[in-house]
Amino acid sequence: MSIFALNLIPFNMLTQLIKESALAALQHFYHDETFTIDSVNVNETKAEFKGDYTIVLFPFIKMLRCKPDELGQRLGGYLIQNNSQLFTEFQIVSGFLNLRVSDQFFTSLLQQNWHNADYGTTKSTAKKIMVEYSSPNTNKPLHFGHLRNIFLGYALGNILKQNGNDVVKANLINDRGIHICKSMVAWQRYANGATPQSTDIKGDHLVGDYYVKFNDVYKAEIAALLVQGMDEKQAEKEASIMQEAQQMLRQWEAGDPAVYNLWQTMNAWVYEGFAVTYKKLGVDFDKMYYESNTYLLGKSIVEKGLEKGVLFRKEDNSVWIDLTDEGLDQKLLLRGDGTSVYITQDIGTAVLKYNDFNLDQSVYVIADEQNYHMQVLQLILKKMGEPCAAGIYHLSYGMVELPTGRMKSREGTVVDADDMIAEMLRMAQEQTEQTGKADGFSAEELNQLYTTIGMGALKFYLLRVDPKKKMIFDPKESIDLHGFTATFIQYAHARICSILRKEQLSVMPAINTFEGLTLNEKLTKAEKDILMALEQYPNIIETTATEMNPSVLCNYSFQLAQLFNTFYDQHSISKAENEEKKQLRLMMIVMVAQTLRHGMKLLGIDLPEKM
RNA sequence: GGACCGGUAGCUCAGUUGGAUAGAGCAUCAGCCUUCUAAGCUGAGGGUCAUUGGUUCGAAUCCAAUCCGGUUCACCA
């Protein structure tokens, strides 16, 4: 058996290889039966048994009318004889065939990929995919809930791109409507011309303050009207500040220059603020959409739908679609006065996106409270025969809640995004100083380090949970920097870099560094565990992409770091038993570091070389 | 009420194309730094996988019913 022979084996699918080998063996012994690759069930062998991978024999024994032991002996024997470069021994334990995979398989995998910066890249599916995320309103700053959306969208964009797709990262700005007018009215009434410059308040926060102010005043006005004996519904309508806001919306739609000007000015403040936050978050967009630009297109598409007879008009002139045959209701698409509703704009944007980029798929990162809305949107587009309908995918994620319940901006219970970022950096600093690891860095390096650690922790915290699950965040307990965190992974990486520095190697040594190395030493359990994990990385990337679930990658990266830490504790690298072992281990940790960096980069998380 | 999502250790979460004695982290307890970074490692305790029934050689995973929690069903966005 030579390592050379293994060069012909594709290394990205060990379980697939095992399945194929087992299938061939089955076909060899039982010609008359038809087997499928999917009927071969391969799992990692449980720790308490000898072996690496396990084939479950039960599915076959019924069909073949034989005893598990008998089948296991035949299969095991055949596999070892005919795939000697892959399997070295087998054992049958009550219906399970446990196979030991050769050390050479793993060391060859390592030799061929330790320097491969693209390890983990899977076959190109080459689709044109848009990922829309963030999508803020321009009446208030970003809060903690938005962060989950933003990190998910950004990570997803990277991951889809990694899988060979052409990705457009898009942001749809909700910049028009009554809610925007609210902060404008309050600013006009109470700000005395205050600007971000004059107050030294970040633009999005300044505007957000007046949105809060609006609601305070509105509540007070309602209360006053109630005292006068008005009923609640009427009071909500009659409150003067609300009337002003509605008046302003009408003026805006009519193109009133003064209102339009104010709208542009205040939105510009918000965009400046958002830009600062996005930069801190390390995210970006290829394309911006503004609802003020798309809502008219939505209207025109609705008109087309009327002509086609897909939609219908009621007596009051409002336009509807009938979705009762889909088990849903009738939905309003245009008001009686001809103005658009929420979904009208979304119809316009969906079509515009499709036309702009000829998309195969359009991913919407939107909270799960909009599941119904997205379902309706897709149905409407389908009924109207719009080609964009087929590619719409709603990546629905659960809300981030406080222990006391949902965050509500009107009730002042939101955790502000900028505050959260600052808090994370502060914690990173505190923790670093506490453990006495702040020495040997310049002030600038320290700042960089605190950002890397703080932002990494924040991103990982929000990405490590399955998106569809809601999550509870307790600001009082804040975010830990121990255990299942980005810090843990960063630390493992820094340890590896430290060893490499000591060995005078760079983080990614020259390709000929380990040339001429023969690998005859037997692998220890800790070494093999790491190599087995590395072997699985391409599959992990693929799963993360197909399931659109970055938490898969979070879990994997944490496990890999954990395996490294265990290995690190048990074995010395610099003082390995012999030179061959040392070189092997160096090669291993280079690949571990490379893989961790690769995965974390997709999530938008940096790994420091020193911490 | 209808639709959708969730319920796994004290807490936060993995694990579901059905596989062996259900796993991590935090918290608790006990160990490990004259040797490559202890932001780490090793071990212990902690579970009727919401409940009940069914399918199966085998169920946290599939099916049915029930209970609990959330979201949604606006001429708001």
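Everything below is about the structure printed above this text.
Not measured: the values here are computed from a predicted model. Every chain is numbered on its own, with residues counted from 1 as its sequence reads. Each chain takes a letter, starting from A, and each ligand takes a number, starting from 1, following the order in which they are written. This being a predicted model, a pLDDT of at least 70 is required before a residue's local features are given, and a value of 80 or more before pairs of side-chain atoms are given or counted; all residues contribute to the totals for chains, interfaces and linings. Only hydrogens and water are set aside; all other atoms, that is, all heavy atoms of the structure, feed into the side-chain values.

Participant: Explain the overall build of chain A to me, using residue names and the numbers behind them.
Facilitator: The secondary structure listing takes helices from DSSP runs of H or I that are at least 4 residues long and strands from runs of E that are at least 2 residues long, numbered from the N terminus. Summing up its helical and strand segments, chain A has 20 helices and 15 strands in all. Overall, chain A is about 90 × 65 × 40 Å in size when its C-alpha atoms are taken along their principal axes. The cut-offs for exposure are 20% and 50% of the maximum accessible area for each residue type, with area from a 1.4 Å probe on protein chains only; residues under the lower value are buried, those over the upper are exposed, and the others partly exposed. Out of the 611 residues in chain A, the part that is buried amounts to 54%. When the accessible area of chain A is evaluated, it comes to approximately 28100 Å², of which 49% is carbon and sulfur surface. Averaging the positions of the 61 positive and the 75 negative side-chain charges in chain A gives two centres separated by 2 Å. Each accessible area is a Shrake-Rupley estimate made with a 1.4 Å probe; only the visible protein chains count as cover when residues are assessed. Charge counting treats Lys and Arg as positive and Asp and Glu as negative, with His and both chain ends excluded. Think of each charge as sitting on NZ of Lys, CZ of Arg, CG of Asp or CD of Glu.

Participant: Explain the packing of aromatic side chains residue by residue, including any values.
Facilitator: Centres within 6.5 Å make a pair out of two Phe, Tyr or Trp rings, where for Trp the six-membered ring is used; the pair is then stacked when the planes are under 30 degrees apart, edge-to-face when over 60, and tilted otherwise. Per the counting criterion, the structure on display carries 25 aromatic pairs. Measuring from centroid to centroid gives 5.7 Å for Trp187 and Trp269, while their planes differ by 65°, and the two rings are edge-to-face. Here Trp187 is found in helix H6 (residues 178–190), whereas its partner Trp269 is found in helix H11 (residues 257–281), with 82 residues between them in sequence. Trp269 matches Trp187 in its accessibility class, with the two residues each being buried. Aromatic pair Phe214 and Tyr218: ring centres 5.7 Å apart, planes at 35°, arrangement tilted. Of this pair, Phe214 and Tyr218 both sit in helix H8 (residues 203–227), separated by four residues, roughly a single helical turn. The same class applies to Phe214 as to Tyr218, namely buried. In this structure an aromatic cluster arises from ring pairing among Tyr133, Phe274, Tyr278 and Phe285. We count a charge as sitting over a ring when the NZ of a lysine or the CZ of an arginine lies within 6 Å of the ring centre and within 35 degrees of the ring normal. Above the face of the Tyr364 ring, Lys353 is positioned so that its terminal group lies 3.9 Å from the ring centre.

Participant: Explain the sheet that holds strand E2 (residues 53–56) to me, and be specific about the residues and the numbers.
Facilitator: Whether two strands pair depends on DSSP finding at least two bridges between them. Strand order across the open sheet formed by four strands is E1-E2-E4-E3, with antiparallel pairing between neighbours. Pairing within the sheet leaves two strands with one partner each, and these edge strands are strand E1 (42–44) and strand E3 (87–93). Direction aside, the axes of adjacent strands within the sheet are offset by 30° on average. Sheet contacts for helix H1 (residues 14–29): E1, E2, E3 and strand E4 (96–101); angle to E2, the most-contacted strand, approximately 40°. Where helix H3 (residues 68–82) meets the sheet, its contacts fall on E2, E3 and E4, and the angle it forms with E3 comes to roughly 175°. Whenever a helix is involved, its axis is fitted only over the stretch in contact; in every case the axis is a line through C-alpha atoms, and angles between N-to-C directions fall within 0 to 180 degrees. The contact definition used throughout considers only heavy atoms, calling two residues in contact when any of these lie within 4.5 Å.

Participant: Tell me what's going on with the protein's contact with RNA strand B, and back it up with residues and numbers.
Facilitator: Lining the immediate surroundings of RNA strand B are 68 residues, of which Asp316, Lys437, Tyr491, Ser498 and His571 lie closest. A single heavy atom is enough: if one lies within 4 Å of a molecule or strand, its residue is considered near that molecule or strand. For RNA strand B, the fraction of protein-proximal atoms (within 4 Å) that sit in sugar or phosphate groups is 64%. Within the contact set of RNA strand B, a phosphate oxygen lies 3.1 Å away from a side-chain nitrogen or oxygen of His482. Note that a sugar or linking oxygen of RNA strand B is positioned 2.5 Å from one of the side-chain N or O atoms of Tyr491. Ranked by residues supplied to the surface near RNA strand B, first place goes to helix H17 (residues 486–502) with eight residues. In this classification, Asp, Glu, Lys and Arg are treated as charged, Ala, Val, Leu, Ile, Met, Phe, Trp, Tyr, Cys and Pro as nonpolar, and every other residue, Gly included, as polar. Broken down by class, the residue content of the surface near RNA strand B amounts to 22 nonpolar, 22 polar and 24 charged. Under the rule applied, a polar contact is a pair of N or O atoms within 3.5 Å (in protein, one hydrogen donor and one hydrogen acceptor; residues adjacent in sequence only if both atoms are side-chain atoms).

Participant: Quick one: what's the story with the layout of surface pockets, residue by residue and with numbers?
Facilitator: Grid points spaced at 1 Å and placed over the protein atoms alone form the basis of the search, with a cavity being a set where a 1.4 Å probe fits but cannot get out and a pocket an open set showing protein on both sides within 12 Å along at least five of seven lines. Lining residues have an atom within 4 Å of a point. Grid points are joined across faces, edges and corners, and a volume is the space filled by probe spheres set on the points. By volume, the largest pocket is sized at about 1100 Å³. In terms of lining residues, the largest pocket is bounded by 38 residues, among which Asn137, Lys140, His146, Glu369 and Gln370 are the most central. Looking at the lining of the largest pocket, the elements with two or more residues in it are helix H5 (144–162), H6, helix H13 (342–357), strand E11 (361–367) and helix H14 (371–383). Across the lining of the largest pocket, the residue classes tally to 16 nonpolar, 13 polar and nine charged.

Participant: Quick rundown of the nonpolar core? Include the residues and the values.
Facilitator: One finds Leu71, Phe144 and Leu458 to be the most contacted residues of the largest nonpolar core, which totals 167 residues. The leading source of residues in this core is helix H20 (residues 579–602), at 12 residues. Sequence-distant contacts of Leu71, defined by excluding residues within four places in its chain, comprise Leu26, Tyr30, Leu57, Phe60, Ile61, Leu64 and Cys66. Formed by 27 residues, the second largest nonpolar core is a distinct cluster that contains Ile301, Val351, Tyr364 and Leu377. Among the buried residues, those of types Ala, Val, Leu, Ile, Met, Phe, Trp, Tyr and Cys that are joined through side-chain atoms within 4.5 Å form a nonpolar core.

Participant: Any details on the pattern of salt bridges? Residues and values, ideally.
Facilitator: Salt-bridge detection follows one rule: a side-chain nitrogen of Lys or Arg within 4 Å of a carboxyl oxygen of Asp or Glu. Going through the model one piece at a time under the given rule, you end up with 26 salt bridges. Between Lys528 and Asp52 there is a salt bridge, with the nearest N and O atoms lying 2.8 Å from each other. Here Asp52 lies in the loop between E1 and E2 and Lys528 lies in helix H18 (residues 525–546), a separation of 476 residues in the sequence. For Asp52, a relative accessible area of 6% puts it in the buried group. Taken together, the shared-partner salt bridges connect Lys50, Asp52, Glu89, Arg100, Asp103 and Lys528 into one network.

Participant: Tell me about the packing of H6 against helix H10 (residues 240–253), and please be specific about residues and values.
Facilitator: Relative orientation of the contacting elements H6 and H10 amounts to 115°, with a least axis distance of 8 Å. Here the hand of the crossing between H6 and H10 comes out right-handed. In this structure, H6 contributes Ile178, Cys181, Lys182, Met184, Val185, Gln188, Arg189 and Tyr190 to the contact, and H10 contributes Ser240, Ile241, Met242, Glu244, Ala245, Gln246, Met248 and Leu249. Looking at the contact of H6 with H10 residue by residue, the classes come out as 10 nonpolar, three polar and three charged. Handedness of a crossing follows from how the near helix is turned relative to the far one, being left-handed for an anticlockwise turn of less than a right angle and right-handed for a clockwise one.

Participant: Which residues make up H13, and what values go with them?
Facilitator: Given a helix with a known number of residues, its expected span is that number minus one, times 1.5 Å. Between the first and last C-alpha of H13 there are 23 Å, a value that for 16 residues agrees with the 22 Å anticipated at 1.5 Å per step. Those residues of H13 that fall on the buried side of the exposure criterion are Ile343, Thr344, Gln345, Asp346, Ile347, Gly348, Thr349, Ala350, Val351 and Lys353.

Participant: Run through the sheet that holds strand E15 (residues 471–472), naming residues and quoting values.
Facilitator: Here we have three strands laid out as an open sheet, ordered E14-E13-E15, and mixed in their pairing. Only two strands of the sheet have a single partner each, and these edge strands are strand E14 (405–406) and E15. Judged from the two bridges that link them, strand E13 (residues 400–402) and E15 form a sheet pairing that is parallel. The residue bridging Glu401 from the neighbouring strand is Ile472, located in E15.

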